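Report on the structure
Listed below are the residues making up each chain.
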Amino acid sequence: MGEKDYDPVMHTAEHLVNGTIARMLGCGRAFSTHIEKKKSKCDFRFPRNLTPEELERVEQTVNSQIAAKLGVRDELLSPDEAGARYSLERLPEGAESVRIVHIGDYDACPCIGSHVTNTAEIPPVSIISSDCTDGVLRVRFKFRKN
Ligand SMILES: [Zn+2]
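Structure report, in brief. For every chain, the first residue of the written sequence is number 1, and numbering continues from 1 along that sequence. With the structure being a predicted model, the display of local features is reserved for residues of pLDDT at least 70 and the display and counting of side-chain atom pairs for 80 or more, all residues being used for whole-chain, interface and lining totals. Where side-chain values are given, they derive from all heavy atoms of the structure, hydrogens and water being excluded.

1. Thoughts on the coordination of the zinc ion
Threshold: Each metal's donors are the N, O and S atoms found within 2.8 Å of it, except that Na, K and Ca use a 3.2 Å limit; water is left out, so coordination can look incomplete. Site shape is set this way: if four donors have all angles between 85 and 135 degrees, tetrahedral; if opposite donors are over 155 degrees apart and all others between 65 and 115, square planar for four donors and octahedral for six; otherwise irregular. Burial status follows relative accessibility: with a 1.4 Å probe on protein chains alone, a residue under 20% of its type maximum counts as buried, one over 50% as exposed, and anything between as partly exposed.
Distances from the zinc ion to its protein donors, namely H11 (NE2), H15 (NE2), C111 (SG) and H115 (NE2), fall within the range 1.9 to 2.2 Å. Given 4 donor atoms and angles of 100 to 120 degrees at the metal, the environment of the zinc ion is assigned as tetrahedral. We note that the donor set of the zinc ion lies within a single chain, spaced as H-x3-H-x95-C-x3-H. Per residue, the accessibility class of C111 equals that of H115, and both read buried.

Written out as structure tokens, the structure is:
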């Protein structure tokens, strides 16, 4: 964490975008994220760019989860329990417990950040663009404005 303009609303939206892409592509979650209030991006290890149809499917899937008004809750696990179920490479070592952040039954991942308590607090998301360079797929998104 520690990004400028760190925003729990945008950060929770990032969980949904991140988890949706990881699930759709089978590529694992982003190895790097940049969260800003206006615009954010996630970098995945993936060998090609996404098609417009795939980007649209990501956007529709994320927005359907937002519209479903899913509750966001924390679960504390021992590092061993957490390590058996989740990738812990982005968390600090030596922690006595690991916090798993659940978004309904849709998404779960270890995170120490701040989140909204319900996806109803998140505006609809717009996937702006993506590109792929040297095996890094970058996906940019923002909140849709009417
Ligand atoms: Zn988080």
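After presenting the structure, the write-up continues.
2. Comments concerning the nonpolar core
Applied cut-off: Take the buried residues of types Ala, Val, Leu, Ile, Met, Phe, Trp, Tyr and Cys, join any two whose side-chain atoms come within 4.5 Å, and each joined set is a nonpolar core. Segments assigned H or I by DSSP are reported as helices when at least four residues long, segments assigned E as strands when at least two residues long, and all are numbered from the N terminus. Should any heavy atoms of two residues lie within 4.5 Å, those residues are considered in contact.
Core analysis: the biggest nonpolar cluster contains 31 residues, and I21, F44, V125 and I127 have the highest contact counts within it. Listing elements by their share of this core, those giving two or more residues are α1 (8–25), β2 (39–45), α2 (52–67), β4 (98–103), β6 (125–133) and β7 (136–143). With residues near it in sequence (within four places) discarded, I21 still touches G26, C27, F44, V58 and V139. Judged by nonpolar contacts, the second largest core, of 5 residues, contains A82, Y86, V98 and I100.

3. Some points on the environment of A67
Turning to its location among the elements, A67 is positioned in helix α2. Along the chain, A67 and I122 lie 55 residues apart, while their C-alpha atoms are 8.8 Å from each other.

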